[in-house]
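# Structural features, examined
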Amino acid sequence: MSADSSSGPKSEAAASETLRPEPVTTVKLKGTGSYTPKRVLTNKDLTEIVETTDEWIVTRTGIRERRIAAPDESASDMAVEAATRALASAGLSANDIDLVIVATITPDMPFPSTACLVQDRLGMRKVCAFDVEAACSGFIYITEIATAMLQSGRFRHALIIGTEKLSSILDWKDRATCVLFGDGAGAAVLSSQAPSGSGVIDTRLGSDGSSSGILYMPGGGCRIPASGESVAARHHFLKMNGREVFKIAVRIMEKATLEILERNRVPLEQVRCIIPHQANVRIIEMLSDRMQIPMERFHVNLDRLGNTSAASVPLALDEALTQKKIGTGDYVVLVAFGAGLTWGATLVKL
Ligand code: UT7
C-alpha cells in the first residue's frame, strides 16, 4: 500500500520517494455509472433561502445549480442507481461482485454500513461489504483499498461507490456553506486481470488530522451525541472555514498530482485529462495556472452539480467517459482533498 498517514506536508517528500511495489495483477477499470437526483436547485432558488446572489455564487465558486435528493431518497438509494449503471457498463451482474466498498459522509444511518444496504438491495451474494469515511477524498481512498484487495488475489470484481446526500447535513441558514454542496452518486467496477500495461496504475494517499477543525460536523458522534441541546446549537450541520480549506486544497492537489506522475515516470503532457474533486472552479483554475495545463484538460461539472464530496470524482469520471472526452489508452489522474484533512491521487491508464 502507498498510504501515508503521517503528519502532513513534512513527510510528503519522503513518502513520494518510496518505490512502488510491482503489482502482481492488473486492476482494470471495467465500468462506471452515476446518478443524480431529479430536483435542480438553482442559485436563484437559493436567494429565497439565504442572503446571497447568483453573481456571488458564480464568481466565487463557478456553481450555477446543484441536485437535491427527494426527502425519502437516501445515500443507499442513489448508490444502488449508480451501481446498477456501473455493472451494466462493465458487462457484469451483481452476482459477479465479491467486494463492495462505499465512501460517504452521509450514510443512511451510523450503522449498519451503507455498503451492506447496497449489497442487499442489489441482491448480491453475501460478500464483503463496508464503508469508508474519508470525506471528499473517499473515492480515491476506496480505489486504493479495492485495488490492494484485488491484487491480493482474494477478490475478482469490486464495486466501489461514492454517494452523498449532503443536503441532509447542510445548515440552510449558513450562506457560506449551503450554496456549495449537492447530492448524487458515482460508481465504478474494478476487476483483477492478468498483468497488462493499463488499469489502475498507482494511488497516493495522505492525511493531516491537525487541520480537522477547518471542515467538520461536531454532532452525532460519541463526543456530542444527539440531544435537544445539540440540535439547538446546530451541531448536526457541516461547518467549514472555506478560506483555509481553499488555500490548502490548491497546494495539496497540485502536489499529489505531480507526485503520482513523478513516481510512475509519466510526464504531465501525456495525461489526457485530470478529474479533480469538484469544490470550486477557482481551485481548478489555480491548479491549471500553477501546473501550466489548459483548463480543457480538467473535467469540470461543478457548475451543474456543485460539490458532492465522495461522489464528486466518480460522477466526473463517468461523465468524462460518457462524453468520450477520455477513452482507451488515455492516462487520467483522479485527484481529491477533503475533511480530515485527507487527500489522494490515482493514476489510471484506460
Ligand atoms: O470539498 C470540501 C472542501 N471545501 C472547499 O473546497 C471549499 C473551499 N473554499 C471555497 O471554495 C471558498 O473559500 C468559498 C467559496 C467557501 C468562499 O469564498 P471566499 O472567496 O473565500 O469568500 P470568504 O469566505 O472570504 O467570504 C467573503 C465574503 C464575506 O463577507 P465579508 O466578511 O467580506 O463582508 C462572506 O460573509 O463573502 C460573504 N459570503 C457570501 N456572500 C454572499 C459568504 N458566503 C456568501 C454567499 N453569498 N453565499
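Before going into details, it helps to say that this report is about the structure given with it. Worth saying up front: this structure is predicted, and the values here are computed from it rather than measured.

Cut-offs and rules
- Residues numbered from 1 in each chain as written.
- Predicted model: local features only at pLDDT ≥ 70, side-chain atom pairs only at ≥ 80, totals over all residues.
- Heavy atoms only, no water.
- Helix = DSSP H or I, 4+ residues; strand = E, 2+ residues; numbered from the N terminus.
- Buried < 20%, exposed > 50% of the residue type's maximum accessible area, 1.4 Å probe, protein only.
- Contact = heavy atoms within 4.5 Å.
- Arc of directions from axis to C-beta.
- Polar contact = N/O pair within 3.5 Å; in protein donor to acceptor, adjacent residues only side chain to side chain.
- 1 Å grid on protein atoms, 1.4 Å probe; cavity = no way out; pocket = protein on both sides within 12 Å on 5 of 7 lines; lining within 4 Å.
- Points joined across faces, edges and corners; volume = space filled by probe spheres on them.
- Nonpolar A, V, L, I, M, F, W, Y, C, P; charged D, E, K, R; others polar.
- Domains from an automatic or database assignment.
- Axes fitted to C-alpha atoms, helices over the stretch in contact; angles between N-to-C directions.
- Parallel < 35°, antiparallel > 145°, perpendicular 65-115°, else oblique.
- Left-handed = near helix turned anticlockwise from the far one by under 90°.

Right, let's get into the side chain of Asp330. By secondary structure assignment, the location of Asp330 is in the loop between helix H12 (312-322) and strand E13 (331-338). Of the residues examined, Asp330 reaches a relative accessible area of 13% and is grouped as buried. Look past the residues within four positions of Asp330 in its chain and what remains in contact with it is Arg272, Lys325, Val348, Lys349 and Leu350.

What follows is about helix H10 (residues 281-291). Buried residues of H10: Val281, Ile283, Ile284, Leu287, Ser288 and Met291, and no others. Taken around the axis of H10, the buried residues stretch over an arc of 160 degrees, which confines them to a single face. In this fold, the buried residues of H10 make contact with helix H3 (54-61), helix H9 (242-263), strand E12 (271-276), helix H11 (302-305) and E13. One side-chain oxygen of the residue at the start of H10 lies 2.8 Å from the amide nitrogen of Arg282, identifying that residue as Asn280.

Time to look at empty space enclosed by the protein. Taken as a whole and assessed by the stated rule, the structure comprises two cavities of 30 Å³ or more. By volume, the largest cavity amounts to about 50 Å³. What lines the largest cavity is Leu29, Phe139, Thr143, Ile160, Ala188, Leu190, Val200, Leu317, Leu334 and Val348. Of all elements in the fold, only helix H6 (138-151) and strand E8 (183-193) reach the threshold of two or more residues within the lining of the largest cavity. Of the residues in the lining of the largest cavity, the class split is nine nonpolar, one polar and no charged. In this structure, the lining of the largest cavity is formed jointly by two domains, domain 1 (26-193) and domain 2 (199-349), each of which donates at least three residues.

Where helix H4 (residues 75-90) contacts helix H5 (residues 114-121), the axes come no closer than 9 Å and their chain directions differ by 50 degrees. Our classification of the angle between H4 and H5 gives oblique. As H4 packs across H5, the resulting crossing turns out to be right-handed. Together, Ala75, Ser76, Asp77, Ala79 and Val80 of H4 and Thr114, Leu117, Val118 and Arg121 of H5 make up the contact between the two elements. When its residues are assigned to classes, the contact of H4 with H5 shows five nonpolar, two polar and two charged.

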